[in-house]
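# Breakdown of the fold
Each chain, written out:
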There are 2 protein chains.
Amino acid sequence: MKSLLKSNYILYFLLILTSWASAQGLKSPNGNFEMAFELLKDGTPTYQLEYKGKELIKTSKLGFALKDNTKSLLDGFTVVDSKTATFNETWVPVWGEVAEIRNHYNELAVTLEQKETERIMTIRFRLFDDGLGFRYEFPQQKNLVYFVIKEERTEFAMTGDHTAFWIPGDYDTQEYDYTESRLTEIRGLFDSAVTPNASQQQFSKTGVQTSLMMKTENGVYINLHEAALVNYACMHLNLDDENLVFTSWLTPDAVGDKGQMQAPRHTPWRTIIASDDARDILASKMSYNLNEPNKIEDSSWIHPVKYIGIWWEMITGSGSWAYTNDFPSVQLGKTDYTSATPNGNHSANTKHVKDYIDFASENDFDAVLVEGWNVGWEDWFGHHKDDVFDFLTPYPDFDVEVLRDYAKEKNIKLVMHHETSGAVRNYERHMDKAYGFMAENGYDAVKSGYVGDILPKGQNHYNQWAVNHYQYALEKAAEYKIMVNAHEAVRPTGLARTWPNLIGNESARGTEYQAFGGSKPNHVTVLPFTRLIGGPMDYTPGIFEMDVSKLNPNNKSHVNSTLANQLALYVTLYSPLQMAADVIENYKRFPDAFQFIKDVPVDWQESHYLEAEPGKFITVARQDKQSNDWFVGNVNGTSERTTSLKLDFLEKGKKYRATIYSDGPDAHFKTNPQSYKIQSKTVTSKSKLKLTSAPGGGFAISITEL
Amino acid sequence: MKSLLKSNYILYFLLILTSWASAQGLKSPNGNFEMAFELLKDGTPTYQLEYKGKELIKTSKLGFALKDNTKSLLDGFTVVDSKTATFNETWVPVWGEVAEIRNHYNELAVTLEQKETERIMTIRFRLFDDGLGFRYEFPQQKNLVYFVIKEERTEFAMTGDHTAFWIPGDYDTQEYDYTESRLTEIRGLFDSAVTPNASQQQFSKTGVQTSLMMKTENGVYINLHEAALVNYACMHLNLDDENLVFTSWLTPDAVGDKGQMQAPRHTPWRTIIASDDARDILASKMSYNLNEPNKIEDSSWIHPVKYIGIWWEMITGSGSWAYTNDFPSVQLGKTDYTSATPNGNHSANTKHVKDYIDFASENDFDAVLVEGWNVGWEDWFGHHKDDVFDFLTPYPDFDVEVLRDYAKEKNIKLVMHHETSGAVRNYERHMDKAYGFMAENGYDAVKSGYVGDILPKGQNHYNQWAVNHYQYALEKAAEYKIMVNAHEAVRPTGLARTWPNLIGNESARGTEYQAFGGSKPNHVTVLPFTRLIGGPMDYTPGIFEMDVSKLNPNNKSHVNSTLANQLALYVTLYSPLQMAADVIENYKRFPDAFQFIKDVPVDWQESHYLEAEPGKFITVARQDKQSNDWFVGNVNGTSERTTSLKLDFLEKGKKYRATIYSDGPDAHFKTNPQSYKIQSKTVTSKSKLKLTSAPGGGFAISITEL
């Protein structure tokens, strides 16, 4: 009996060991999340996530299909090592919604060996109080050196037919309105969600982009995204809408390959942020926490920027980027601009820029963006033109030196503009000279653009090749102490922690679309849940004249927002780079409303998300980093709504003056957008305000210590 | 009757006018060639060429198929203008086979309008005494601005089933042995002509590359090529082997498009060099004459180069480019080479380079090429690796400064090596720093390489994108006063007239293949008729040890050439850049034969092709530019052959010493390659020499004034 018992005991012990080996657990610091890692019988690695005791992500597979006949990294694994760790630190971002960020997680790193091939792969899980991040790592090893990914097969198995806020999966653009629907409805709504764009390529009728925002029937909010996208292809999600399982879908190169890999290497982090409180999604810092610390030793040259610009007039069609209509096309270095007839509509001329410098100076802005300053705009778009811009030669009516000196005199920076038209080789060839030109002429920030297909043809905006280019441009900019605001580039994934000179991206449907036919009036109540996870957006708000035909009679577009909503955006759509995007004439018409824009800062000490529901409303309060002032913003969806605003974030015992900019009683984003009212009140931390926002409306409040 | 006659007269006159309008003629200066341009009834432009009264090229169509639904530029044309001109000048090349080149042609420029689209296209024909060149021109115009070529449809309609010396049409390599066959036999022989290569892509079983050499049954030699390939895709030829018509086949981009065009623009020249004397083909300067004059204002830094190098040992496998075997792969900037174990076989080490510098200095060479000096060679090939080299960081055992100073002391230049592994974006990113590094360290010439697929994947070696890259590298090199020898790049098309710093290309099957299994013994009797039309080749001759296993016991390859043939190559394979490619130990074994290589110059005053037959023999005599010495070279095909050599090119009344290096009586490229004899004779312009060359043999003669 004794021996039998003993062998049972040994057996039992071995079983425990084995199950320990193939199944692993992890909890978040506060215990709300529980993750389980497990190998299936055939050696397929899986993970599963629970939130507050309920399943959030069903058992989901992990791995990679490799190109050609290379045995894939999908199954046949055993666990050969397993390490846990805890990490808890606070770090200080160069700019942000908050002055300090806490990075606290429990980590599990499982090392797998695929017996048949003797290849090693580690999956590292980090469980935070706001959710899960995990990535794959390929250590240096003999049997896995160079390999090509055919597809990454990371699953996110949903527990139900959640509501999702999605845009079509696309290799070239994110500039779509968000569609709110059940997961099972995506397929039927897909085609109508695909609106025209300068460069676009969808891949599946159930393909969507990240970050993807969802809400379960039980009121749990789930956000799927990636963090630290470096030297890898951007990840989309493809939905199996029968089983409600998302699988990663990487952006391919010109021949359909999805990743060139050389061990040692790791992938970006795949992130699942979740909470039963929508505000936690907005407040999550997981993207940043999963990125490497700041690589720029001396970041003192990096600073938030509040700017105006010569831009909206061209976007609406009332002004022109191009200088002349004389030529059917231009050839840089050959076309003689000095003898060309000006079209009389070229906005980026010396006088006009000086007007904007004056206005910026008088109104405490930092900078003026000027688009259309450089030769080549006559045929900049739609021709797959390689040598389209040289980033150095101004038009005859844009005096670089005069404006350099004038801006300096007025203590204003000019923001450089590098539209590339997708000709990235051309940009890289000119980049050192272009950045050097900036440094010599007092520009410390550049807005770059990638409008149109990426060249050479066959490439796209989001594959590994393109991601590598954006990174190259960003790191080289840092060498020149230049800040970058990259439009049409890949959406951010928390990289600004490592490279804080990345002060902005567009990579979503911005204000320009209000001049291209309009965006959904609740668009800005979705963006922070989707696009802003991973990094700020240069949304360029602040449009005061919603009827675009007033600027350009031929453009009947309408800005689907009230004026108060436009003010609120400076608070609700966090960005270290904020534009007052309208033409200055319109600000001169509403100086009382414009005062808010003048007052609102762009760098914050603290941020409190007071209430939030994707697609419906967001209210947030933020404290200025440079003073004790607070600012509150509310943006509203399509139905009128009243906010009961408690000011309990204010310091107890202090008195403040609150200036409240809100929708007029009859305001409406379409029929009466410019109806607003301004009230002034003395408030304390005990105060409550009842504010009604119109459809597509909102309110903005500046609160200063008395 | 009178009125009837009058109207007939008018009708006749009108007919003449009309036929003048739609049919045009052109003659060469000496009248041997006659070209006719004509529009077919449907407005398709055609040309036809006669030589000495007989049809050489049958009526052949011209035009372009355009992408998508754009009406093509193939038919529906009328002639709206026609201009003739004559040009006759002599110009001086910076280096060459001759000191002066005559450019004499009659020109016809026909301007066509396509009525339906109102688009204008000009075809410019230049008829020389050695043949025809023509190109398409698209003037600046309203209705043709940006367009994409789907295919160029230039025909070359053959009059019969000519014998051709061809290599398979391929978007990535020219490194094939030539096949000699009838045109109708190409299809059946195609597959066996495709030998393995690091990067290759064929497109048609009857596709061939240019320049294409042919011989008609009547003994007329015809060469088809292109000149001035700039900002356009490389042209191949696709044979309709039923009708014996070649049509141009351009190299596509990653999505299958063949040309991005923006008017005003012109295409490269399509060239037909022809003669009943094969020597005229070799002597033709048409490629250069069709290129733009020298764009480099001060060319004084450009000079021919005679060099040795650390190269053959790696090619044969006896030495190594790589430094260490410690790592499965390397990552530039991360891999620590200083602590790695040297593999003991790294050829580019300081001591070895010094030995080569010494030898070069003692033997009147100009330079030493060193391959494998820089980090990254451990995994340089076959991985589509992007960041493969940085062109700046030497291995631990290659001391840049020591060698810079040592070479300078010995009055020797080091030749830089930039292998790119096809990662052209990586090369362009590093290019300024790499060229600057060269300038700082005394290097004035670079051998560049493009081994493996061009990145990003989907690109190839010969399309417009790649051609643009080679041009970029060449022009930037000129800014740094650097000469370029580009291997695996597109084959030259006379560009060295415009950019004389392009002193070499490989772009064909060079000496390295003798270590990769061997080339056909008559290979070098074909190359001057094919590859060398358009520019010199860095063939790297001078191998004295034909049994490669003597260097590397594991390599059983055999150099299919006699030693005398190797000497002759310095005369028969013209190049301003000539390597004595063997390891110096082998030259030390045959100092008497090596003397010829020491004596032979690399820049010429005059060149006389004495006899030539493609695939069979070439004998040429050249006079040194710097002295009155003459050099003669003969290379022989597969059958033993005796040359009756008349020295009537020598100056009358003078006496010379001729040192004759020829095959021994029993020499044979395979069985007895190292059998040679050296004779010394006094000769005059009246002398005749009878010299017998072995199979794969030849002779070399240096003739100095007494």
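Preceding this section is the structure that the text describes.
Please read these numbers as outputs of a predicted model, since none were measured by experiment.

## Side note on the side chain of Glu137 of chain B
Residues and elements named next belong to chain B. Tracing the chain through its elements places Glu137 in strand S9 (residues 131–138). Of note is the side chain of Glu137, whose polar atom sits 2.6 Å from the side chain of Arg124. Setting aside residues up to four positions removed in sequence, Glu137 forms contacts with Met121, Thr122, Arg124, Arg265 and His266.

## Re the packing of helix H11 (residues 563–572) of chain B against helix H13 (residues 591–599) of chain B
All names here are of chain B. In the contact formed by H11 and H13, the axes pass within 9 Å of each other and the chain directions differ by 10°. In terms of axis orientation, H11 runs roughly parallel to H13. Along its contact with H11, which presents Leu563, Leu567, Tyr570 and Val571, the element H13 presents Ala593, Phe596 and Ile597. Tallied by class, residues from the contact of H11 with H13 come to 7 nonpolar, no polar and no charged.

## What about helix H9 (residues 464–479) of chain B?
Residue and element names in this part refer to chain B. With 16 residues, H9 ought to run about 22 Å at 1.5 Å a step, and its terminal C-alpha atoms sit 23 Å apart, in line with that. Within H9, 14 of the 16 residues are buried, which leaves it mostly tucked inside the rest of the structure. Residue Asn463 occupies the N-cap position of H9, its side-chain oxygen lying 3.1 Å from the main-chain nitrogen of Trp465.

## What about the sheet that holds strand S33 (residues 656–663) of chain A?
Residue and element names in this part refer to chain A. Read from one edge of the open sheet, 6 strands run S29-S30-S31-S36-S33-S34, paired in antiparallel fashion. Each edge of the open sheet carries a strand with a single partner, namely strand S29 (604–613) and strand S34 (676–683). Pairwise comparison of adjacent strand axes, ignoring direction, gives a mean angle of 15° for this sheet. Here helix H12 (residues 563–572) sits on the sheet and contacts S29, strand S30 (617–624), strand S31 (630–636), S33, S34 and strand S36 (698–705); the angle it forms with S31, its principal contact strand, is near 125°. Sheet contacts for helix H14 (residues 591–599): S31, S33, S34 and S36; angle to S33, the most-contacted strand, approximately 125°.

## What to know about the interface of chain A and chain B
Taken residue by residue, the interface counts 36 residues in chain A and 36 residues in chain B. In total, about 3200 Å² of surface goes out of reach between chain A and chain B, with carbon and sulfur atoms giving 48% of it. Of all residues in chain A, Tyr146, Lys457 and Trp465 of chain A bury the most surface against chain B, accounting for 23% of the area lost on that side. On the surface where chain A and chain B come into contact, there are 4 salt bridges. Salt-bridge contacts for Asp257 of chain B lead to Lys457 of chain A; the nearest nitrogen and oxygen are separated by 2.4 Å. Applying the counting criterion to the chain A and chain B interface returns 26 residue pairs in polar contact (both at pLDDT 80 or more). Secondary structure elements with two or more residues in the side of chain A that touches chain B: strand S10 (146–152), strand S19 (259–262), helix H8 (424–440) and helix H9 (464–479) of chain A. Here the element with the most residues in the side of chain A that touches chain B is H9 of chain A; it accounts for 4 residues. Residues of the side of chain A that touches chain B, tallied by class, amount to 14 nonpolar, 12 polar and 10 charged.

## Considerations on H11 of chain B
Burial within H11 of chain B is extensive, with 10 of its 10 residues counted as buried. Inspection of H11 of chain B places Leu563, Ala564, Asn565, Gln566, Leu567, Ala568, Leu569, Tyr570, Val571 and Thr572 of chain B among the buried residues, and these make up the whole buried set.

## Focus on the nonpolar core
Within the largest apolar cluster, 207 residues are counted, with the highest numbers of intra-cluster contacts made by Phe125, Phe246 and Ile272 of chain B. Membership of the second largest hydrophobic core comes to 206 residues, among which are Leu26, Leu239, Ile482 and Met537 of chain A.

## Let's talk about the sheet that holds strand S4 (residues 54–61) of chain B
All names here are of chain B. Reading across the sheet, the 8 strands line up as S1-S2-S3-S4-S11-S18-S17-S14 and stay open at both edges, with antiparallel pairing between neighbours. Edge positions in the sheet fall to strand S1 (23–27) and strand S14 (207–208), since each of these pairs with one other strand and no more. For strand S2 (residues 33–39) and strand S3 (residues 45–51), the ladder comprises 7 bridges, and the chain directions are antiparallel. Along S3, the bridge assignment pairs Phe33 with Tyr51.

## Let's talk about the packing of H8 of chain A against H9 of chain A
Residue and element names in this part refer to chain A. Orientation of H8 relative to H9, taken along the N-to-C sense of each, is 5°, at an axis distance of 11 Å. Here H8 lies roughly parallel to H9, going by the angle between them. Residues Val424, Tyr427, Glu428, Met431, Asp432 and Tyr435 of H8 lie in contact with H9, whose contacting residues are His469, Tyr472, Ala473, Lys476 and Ala477. Class assignment of the residues belonging to the contact of H8 with H9 gives a composition of 7 nonpolar, 1 polar and 3 charged.

## Structural notes on the packing of aromatic side chains
Residue and element names in this part refer to chain B. Taken as a whole and judged by the stated rule, the model has 84 aromatic pairs over all chains. For the ring pair Phe544 and Phe590, a centre distance of 5.8 Å and an interplane angle of 80° mean the geometry is edge-to-face. Taken together, the residues Phe544 in the loop between helix H10 (523–526) and H11 and Phe590 in the loop between helix H12 (584–589) and H13 connect sequence positions 46 residues apart. Here Phe544 and Phe590 have matching classes, each one buried. Relative to Phe649, the ring of Trp630 has its centre 4.8 Å away and its plane inclined at 45°; by these criteria the two rings are tilted.

Criteria and thresholds
- All residue numbers refer to positions counted from 1 along the written sequence of the respective chain.
- Chain letters start at A and ligand numbers start at 1, both assigned in the order the entries are written.
- Reporting in this predicted model follows two pLDDT cut-offs: at least 70 for local features of residues, and 80 or more for side-chain atom pairs to be given and counted; totals over whole chains, interfaces and linings ignore these cut-offs and use all residues.
- The side-chain figures draw on all heavy atoms in the structure; neither hydrogens nor water molecules are used.
- A run of DSSP states H or I qualifies as a helix once it reaches four residues; a run of E qualifies as a strand once it reaches two. Both are numbered from the N-terminal end.
- Contacts described as polar in this section are N or O atom pairs within 3.5 Å, which, within protein, must combine one atom able to donate a hydrogen with one able to accept it, while residues neighboring in sequence count only if both atoms come from side chains.
- Contact between two residues is taken to exist if any of their heavy atoms lie within 4.5 Å; hydrogens are not considered.
- Axis definition: a line fit to C-alpha positions, over the contact stretch in the case of helices; interaxial angles, taken between N-to-C directions, run 0 to 180 degrees.
- These descriptions rest on fixed angle ranges, namely under 35 degrees for roughly parallel, over 145 for roughly antiparallel, 65 to 115 for roughly perpendicular, and the rest for oblique.
- All residues other than Ala, Val, Leu, Ile, Met, Phe, Trp, Tyr, Cys, Pro, Asp, Glu, Lys and Arg, Gly among them, are scored as polar; the first ten of these are nonpolar and the last four charged.
- Each helix should span, by expectation, one fewer than its residue count multiplied by 1.5 Å.
- For each residue, the accessible area found with a 1.4 Å probe, counting protein chains only, is set against the maximum for its type, and the residue is called buried under 20%, exposed over 50%, and partly exposed in between.
- One bridge is not enough; two strands pair if DSSP finds at least two bridges between them.
- Once two parts are joined, some of their accessible surface, as seen by a 1.4 Å probe, is lost; buried area is that loss totalled over both.
- Any carboxyl oxygen of Asp or Glu that lies within 4 Å of a side-chain nitrogen of Lys or Arg is treated as forming a salt bridge with it.
- Buried Ala, Val, Leu, Ile, Met, Phe, Trp, Tyr and Cys residues form a nonpolar core when they are joined through side-chain atoms within 4.5 Å.
- Classification of ring pairs uses Phe, Tyr and Trp, with its six-membered ring standing for Trp, and accepts pairs whose centres are within 6.5 Å; under 30 degrees between planes counts as stacked, over 60 as edge-to-face, and the remaining range as tilted.

Read these as spatial facts, not as claims about activity.
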